Amino acid sequence: MSILKVNNLSVSFKQYTSGLRQTTHQVISNLNIELVSGEILAVVGASGSGKSLLAHAILGILPLNAETSGQITYDGEVLTSKRQEQLRGKEIALVPQSVSYLNPLMRVGSQVRSSVRKRNAKQAQEEVFQRYHLKKEVGNMYPFQLSGGMARRVLVSTAMVSGASVIIADEPTPGLDKVVIEEALNNFREFADQGCAVMLISHDIESALKIADKVAVFYEGTVLEVAPVEDFEGKGDRLRHPYTQALWRALPQNDFTWIEGSI
Amino acid sequence: MQLSNKQLLKQPLNKRQRTLLVCIGLSIVVCVVVLTGILLDENRIATNLEVRNSPPSLDHLFGTDWLGRDMFSRTLMGLSLSIGVGLTGAIGSATISVILGLVAATMGKVADSIVTWLIDLFLSVPHLVSLILIAFAFGGGFKGIVLGIALTHWPSLARVIRSEVMQVRSLDFVQVSKKMGKSRWWITKEHMLPHIIPQMLVGVLLLFPHAILHEAAVTFLGLGLSPQEPAIGIILSESMRYLSVGMWWLAFFPGICLLFIVRMFDKIGDNLRMLIDPHHAHR
Amino acid sequence: MRWQLTWNIVTFLFWKAIKMASLLVAISFISFLLVKNSPIDPIQAYVGADMLNVSQEQREKIEEYWGLNQPVMEQFMSWSSAVLSGDLGTSMIFRLPVSEVIGERFLNSIALMSVAWVLSGVIGFSIGILAAMNTGTWIDRMIKWYCYTLASTPTFWMGLLLLIVFAVWLNWFPVGMGVPAGVLAEDVTIMDRIKHLILPALTLSIIGVANVALHTRQKLIEVLSSDYVVFARARGEKGFTLFWRHGLRNIALPAITLQFAAFSELFGGAVLAEQVFSYPGLGQATVEAGLRGDIPLLLGLVLFSAIFVFVGNVIADLIYRVVDPRTREGKSYAVKQ
């Protein structure tokens, strides 16, 4: 069942370029995707192509100089910015990229506790830490004291305790070793198996394919095609868009062929 | 999410163009003040006992003092004198900053720590106290005040230039030039100076408000320009004796004019920095 | 953990003390050379108006008494060794030991400066927050305009304005002097002192607000657009809770540190405010010493003001070390895990 729908979303920023001219910089244009409960949708594309802004647009936390158009619906209901404010953290949770998304002067335990909505905060935090193999002391640490893997698990904990039904994970794997990546991805699979809709934003198509149900290919600010994960096999003949095919063939275990310039 | 278009109001000029216009406009105002101050006839501030102690009127915009001198003319002359002293001091200070900043950034570790120590040294005594000390050492007057300003205002700009040069130095094209065997001086001249000159220009402009305020302050305290000069600091310290009898205009107008001039320079400097500095490009 | 923090602070203070010592030596030396270079005649400062009646013979006697006839380096050595043993010499205009003059004046000044320091800190911090929470609105623009204008305002002129309005027009306050003239020291009441303190303190506070306010505004805007505030918003935090948990925590520390690091400007401002209101503090003494060539007092004040500024900076650094968890607690936990 589709729970979150993005229709024709465009995001642009005002910017001053060289000299005295002001330009509008379009980062996302006419983007359409759909999240389904119990499924993982991987949004893959090159780093720095504006994928994170998609997450921020859904949550309504874009910077002030951003302009958006298009429509997002949650559970059949149009998301106004007021509605977004009510839903974020409660129904839609974000798992951000890195430890810089934690307040540097606040103990991580208390930051996780602040995400709890429906139950006893202290208990929920302790349970989730136990579940993710974080020692009790970790709750009393400051973000700068965490290792990369620990930070990852703390960030996932915030989404876990919130009880949200849509989870948006923004680049959850960069700079981590293989074991930690696997663990992080499995966490998201668990979310989906519990009935959440998960949107996994990543530049790492290979690991995304391991857990996703569908893959949306993001290029130049829009989604070229949404393909079921089964289509990524063999020579990629079932993939419709040439860029997706090229992306698939460029993987080391396939032909390792060069992606030709642009499409 | 509904369409939200914030850019309904079309502006004829964007912020950068307006910034440039503001700069030009303010510079013209400053030039006019300086020129009138210089070109003003000495007779305008001649003693005229018939009109002494008169409050502001159409004849005398800022009123007259106890000798019947026109305060408007005195203020203008004082301003152009103060701007002159301030600019001389600021330029001297900027020169010191550039030299020390370059030395710190290019001459190795020892030179760097010496300059850093010097900066700490000059920041360790309150500006005004060191100004009083230096002005005292040179027996007050023009020389004392200009030297004082030049010697006390350089540390902040020197820091900026030091880090700027260090940043440029680590850039690829400088590293390549070095590998190609270009001399230190050549690299400094070809690569460093073009980066530093805009910084320095803005630096002078931003130093200037401090310089002119400190000049006025030290002169006000009696350690700066001599009482014969029509400086703003002198005018204000003289006015103190007449405030208790209600001659408020003696202090009010010269002070607010000084405030305007300082604010203008600050604004020009800030605006120019915004135009030059790429970090502000998104504003 | 505890002992390590203490140890860190001890070594930190040790290095600071060494640095302070090196700076003080340099300041003493440079200042001494500077005042000796001055064309202002120290003998005239000592004798005052009777200068015309002083014969060449008497002059030489005075020179000998003060050691003014010796080479500069020798004078410096004898002055500095006296300073090291705690003797700053005798003030020529007050005819009292310099340390006594400074001590008494400092008590007056510290009353003035601490009132101004607290007032400007609290007000500046509050209006900085107010501006940042309303970025781009007329409130923000007004506060910014006010702060930039204040930063360009001559302190002494602000003092003159307050003097005109409150002392001359409204007659609420005396025009000058730390205590009423013609009243014996023991008869001066606390109320008298407070009355004379208000205007100079107000002058300093009005001017001092600008720096803290602009800094706090900038910092809070930065914090509000930081990743962790974005994430906090993504978790549904908003309004005052968001500000309290993530804003205040991260801007209070820099603001307090800034206030301590601003001791230098505070002292400079006090010099001007004290002169305008003839408030008998350190600043006024500095001006007197400079105007009348009281070399021992001037040197003593230069050293004292340097120590004053230095103490402010050390406190600012220490606060960071003790309060900020990033410097307080090492990375040791992460290694253990």
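So, how was this worked out
Throughout, a residue's number is its position along its own chain's written sequence, starting from 1. Labels are handed out in written order, letters beginning with A for the chains and numbers beginning with 1 for the ligands. Owing to the predicted nature of the model, reporting of local features is limited to residues with pLDDT of at least 70; listing and counting of side-chain atom pairs is limited to 80 or more, with chain, interface and lining totals taken over all residues. As a rule here, side-chain values come from all non-hydrogen atoms in the structure, and water together with hydrogens is ignored. Each helix is a run of H or I in the DSSP string that is no shorter than four residues. Each strand is a run of E no shorter than two, and both are numbered from the N terminus. UniProt positions are given in the numbering used here, feature names are shortened, and annotations may be inferred rather than shown by experiment. Domain extents, as shown, originate in an automatic or database domain assignment. Between two residues, a contact is recorded if the distance between any of their heavy atoms is within 4.5 Å. By convention, the term buried area covers the 1.4 Å-probe accessible surface removed from two parts as they join, with the contributions of both added. Salt bridges are identified by distance alone: a Lys or Arg side-chain nitrogen within 4 Å of an Asp or Glu carboxyl oxygen. The term polar contact refers here to a pair of N or O atoms within 3.5 Å; inside protein, the definition further demands a hydrogen-donor-capable atom paired with an acceptor-capable atom, and it admits residues adjacent in sequence only when both atoms are side-chain atoms. Three categories are distinguished: nonpolar for Ala, Val, Leu, Ile, Met, Phe, Trp, Tyr, Cys and Pro, charged for Asp, Glu, Lys and Arg, and polar for the others, with Gly belonging to the last. Partly exposed residues are those whose accessible area sits between 20% and 50% of the maximum for their type, while under 20% is buried and over 50% is exposed, using a 1.4 Å probe and protein chains only. Here, nonpolar core means buried Ala, Val, Leu, Ile, Met, Phe, Trp, Tyr and Cys residues that are tied together by side-chain atoms lying within 4.5 Å of each other.

> Residues and numbers for unusual backbone geometry, please.
Residues other than glycine predominantly adopt negative phi, and peptide bonds predominantly adopt the trans conformation. Residue and element names in this part refer to chain A. Positive phi values are uncommon outside glycine, yet N8 reaches one of about 55 degrees. Inspection of the secondary structure assignment puts N8 in strand β1 (residues 2-16). Look at D75: it is not a glycine, yet its phi comes out positive at around 55 degrees. Here D75 shows up in the loop between β4 (66-74) and β5 (77-78).

> Report on the UniProt feature "transmembrane region" (unreviewed entry) in chain B, specifying residues and quantitative values.
Residue and element names in this part refer to chain B. Under the UniProt annotation, the feature "transmembrane region" (unreviewed entry) is placed at residues 20-40, 76-105, 117-138, 144-161, 192-213 and 246-265. End C-alpha to end C-alpha, residues 117-138 measures 25 Å, and it is 86% helix and 0% strand. Counted over residues 246-265, helix gives 85% and strand 0%. Its end C-alpha atoms are 32 Å apart.

> Break down the domain arrangement of chain C for me, citing the residues and quoting the values.
Residue and element names in this part refer to chain C. What the domain assignment lists for chain C is domain 1 (2-84) and domain 2 (98-324). If you look at the interface, domain 1 gives 18 residues, while domain 2 gives 17 residues. Counting each side, the surface lost to burial between domain 1 and domain 2 is near 1,700 Å², with a carbon and sulfur contribution of 84%. Interface area lost by domain 1 to domain 2 is led by F12, M20 and V35, which between them contribute 29%. Where domain 1 packs against domain 2, one counts 1 salt bridge. With a closest N to O distance of 3.2 Å, D317 and K16 form a salt bridge. Counting across the domain 1 and domain 2 interface gives 1 residue pair in polar contact (both at pLDDT 80 or more). Listing elements by their share of the side of domain 1 that touches domain 2, those giving two or more residues are α1 (2-37), α2 (42-47) and α4 (72-84). By residue number, the principal contributor to the side of domain 1 that touches domain 2 is α1, which donates 13 residues. In terms of residue class, the side of domain 1 that touches domain 2 is made up of 15 nonpolar, 2 polar and 1 charged.

> Please provide a residue-by-residue account of the environment of I201 of chain A, values included.
All names here are of chain A. With respect to the helices, strands and loops of the structure, I201 is situated in strand β8 (residues 197-202). According to the relative accessible area criterion, I201 is buried, its value standing at 0%. In contact with I201, other than residues within four places in its own chain, are V43, K51, A55, I168, A169, D170, E171 and P172.

> Provide a residue-level description of the interface of chain A and chain C, including the pertinent values.
Accessible area lost upon the coming together of the parts serves often as the stated size of an interface. The interface is formed by 34 residues belonging to chain A together with 24 residues belonging to chain C. Carbon and sulfur atoms supply 57% of the area buried between chain A and chain C, which totals about 2,800 Å² over both sides. The largest per-residue losses of area from chain A upon contact with chain C belong to L105, F144 and Q145 of chain A, which jointly make up 25% of the total buried on that side. Applying the counting criterion to the chain A and chain C interface returns 1 salt bridge. Residue K238 of chain C pairs with E85 of chain A through a salt bridge whose shortest N-O separation is 3.5 Å. Where chain A packs against chain C, one counts 12 residue pairs in polar contact (both at pLDDT 80 or more). Those elements that place two or more of their residues in the side of chain A that touches chain C are α1 (51-59), β6 (92-95), α3 (108-113) and α5 (148-162) of chain A. Top contributing element to the side of chain A that touches chain C by residue count: α5 of chain A, with 3 residues.

> An account of the nonpolar core is needed here, citing residue identities and associated values.
Formed by 132 residues in total, the largest nonpolar core has its most connected members in L128, F220, L221, L236 and L258 of chain B together with F156 of chain C. For this core, the element with the most residues is helix α8 (residues 184-221) of chain B, which contributes 15 residues. Two domains share this core, each providing at least three of its residues, namely domain 1 (2-84) and domain 2 (98-324) of chain C. The residues touching L236 of chain B, leaving out its near neighbours within four places in the chain, are F220, L250, A251, P254 and G255 of chain B together with F156, W157 and L160 of chain C. Core analysis: the next-biggest nonpolar cluster, separate from the first, contains 92 residues, L9, I33, I40 and I167 of chain A among them.

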